[in-house]
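# Report on the structure
The chain contents come next:
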Amino acid sequence: MFDVMYDDDGCGLAAPQVGINYRLMVFNPQGDRREKGTEMILANPEIVSSGAEQDWFREGCLSFPGIRGQVERPTKVSVRAQDVKGEDIEFELEGFTARVFQHEYDHLSGTLFHDRMPDKEVAEIHAKLVTLEESFVAANPTLAEDIKRVGPKPETKKVFGIF
């Protein structure tokens, strides 16, 4: 999984993204295969608590190449999981590392990054999402009925003529 992540210039990957139906994720907030000390492998992760402070960041996702959008997330999370040896571990993550963890955690829960974007952001990337869906369905017609579709383009309201 690390090889797939690094080959696509990513910093995190959840097992379902590569067709593995386990609650497993790998990430390295450095996004650099030479920085092995920052790699994490987590099984059955849980968010125990989240900090009150949140921030916005323009996220991308290996499952949606070329698509980026603003996502708000807590800047701090407390995590419980099993490590690569199956040992229970608990720890806190902050900043970008917390963001990467939460993004991958969402994949394990069936939430995609565009599900967390404001309607204005989704409206801007909607055509690209639909194109990816159509490509996937064309390549996998037997799965057409099983995929969650992005839905109609969200309506965005103009505020004082500036948006």
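Keep in mind that what you see is a predicted model, and the values were worked out from it rather than measured.

## Thoughts on the packing of aromatic side chains
Summed over all chains, the structure comprises five aromatic pairs. Summarising the aromatic geometry, the rings of Phe27 and Phe101 are spaced 6.3 Å apart at their centres and angled 65° between planes, so their arrangement reads as edge-to-face. Taken together, the positions of Phe27 in strand E2 (residues 24-27) and Phe101 in helix H2 (residues 95-108) put the pair 74 residues apart, joining distant regions of the chain. Summarising the burial analysis for this pair, Phe27 and Phe101 share the class buried.

## Some words on a nonpolar patch on the surface
On the surface, Val4, Val18, Ile20 and Tyr22 cluster together to form a nonpolar patch covering roughly 340 Å² of accessible area. Inspection of the secondary structure assignment puts Val4 in helix H1 (residues 2-7). For Val4, a relative accessible area of 38% corresponds to the partly exposed category.

## Observations regarding the side chain of His126
Assignment of secondary structure puts His126 in helix H3 (residues 119-139). Side-chain polar atoms of His126 contact the backbone nitrogen of Lys153, separated by 3.2 Å. Ignoring anything within four residues of it in the chain, the contact list for His126 reads Val150, Gly151, Pro152, Lys153 and Pro154.

## A few points about the sheet that holds strand E7 (residues 88-94)
Taken together, five strands build an open sheet; the order of strands is E1-E2-E3-E6-E7 and the sheet is antiparallel. On the outer flanks of this sheet lie strand E1 (12-14) and E7, each paired with one strand and no other. Each adjacent strand pair in this sheet contributes to an overall mean axis angle of 40°, direction not counted. Contacting E1, E2, strand E3 (40-50), strand E6 (76-82) and E7, H2 crosses the sheet at an angle of about 150° to E2.

## Considerations on the layout of surface pockets
Quantified by volume, the largest pocket comes out at close to 610 Å³. Forming the boundary of the largest pocket are 22 residues, of which Phe64, Leu112, Glu133, Ile147 and Lys148 lie nearest the centre. In terms of residue class, the lining of the largest pocket is made up of 12 nonpolar, four polar and six charged.

## What about the pairing of E7?
Pairing between E6 and E7: seven bridges, direction antiparallel. Bridging from a neighbouring strand, Arg80 pairs with Glu90 of E7. Once E6 ends, the chain turns through five residues before running back antiparallel as E7, passing Gly86 with a positive phi of about 85°.

## A few points about the pattern of salt bridges
Counted according to the given criterion, the structure contains 16 salt bridges. The partner of Glu39 in a salt bridge is Lys36, with the nearest N and O atoms 3.6 Å apart. Judged by relative accessible area, Lys36 falls into the exposed class, the value being 52%. We note a salt bridge from Glu59 to Arg73, for which the minimum N-O separation is 2.6 Å. With Glu59 in strand E4 (residues 54-60) and Arg73 in strand E5 (residues 68-74), the pair connects residues that are 14 residues apart, well separated along the chain. For Arg73, a relative accessible area of 2% puts it in the buried group. Within this structure, Asp55, Glu59, Arg73, Arg99, Asp106 and Arg116 form a network of salt bridges that share partners.

So, how was this worked out
Residues numbered from 1 in each chain as written. Predicted model: local features only at pLDDT ≥ 70, side-chain atom pairs only at ≥ 80, totals over all residues. Heavy atoms only, no water. Phe/Tyr/Trp six-rings, centres within 6.5 Å; stacked < 30°, edge-to-face > 60°. Helix = DSSP H or I, 4+ residues; strand = E, 2+ residues; numbered from the N terminus. Buried < 20%, exposed > 50% of the residue type's maximum accessible area, 1.4 Å probe, protein only. Patch = residues over 30% accessible without salt bridge, like charges linked within 9 Å, V, L, I, M, F, W, Y side chains within 5 Å. Areas by Shrake-Rupley, 256 points an atom, 1.4 Å probe, with all protein chains shown as cover. Salt bridge = Lys/Arg side-chain N within 4 Å of Asp/Glu carboxyl O. Polar contact = N/O pair within 3.5 Å; in protein donor to acceptor, adjacent residues only side chain to side chain. Contact = heavy atoms within 4.5 Å. Pairing = 2+ DSSP bridges. Axes fitted to C-alpha atoms, helices over the stretch in contact; angles between N-to-C directions. 1 Å grid on protein atoms, 1.4 Å probe; cavity = no way out; pocket = protein on both sides within 12 Å on 5 of 7 lines; lining within 4 Å. Points joined across faces, edges and corners; volume = space filled by probe spheres on them. Nonpolar A, V, L, I, M, F, W, Y, C, P; charged D, E, K, R; others polar.

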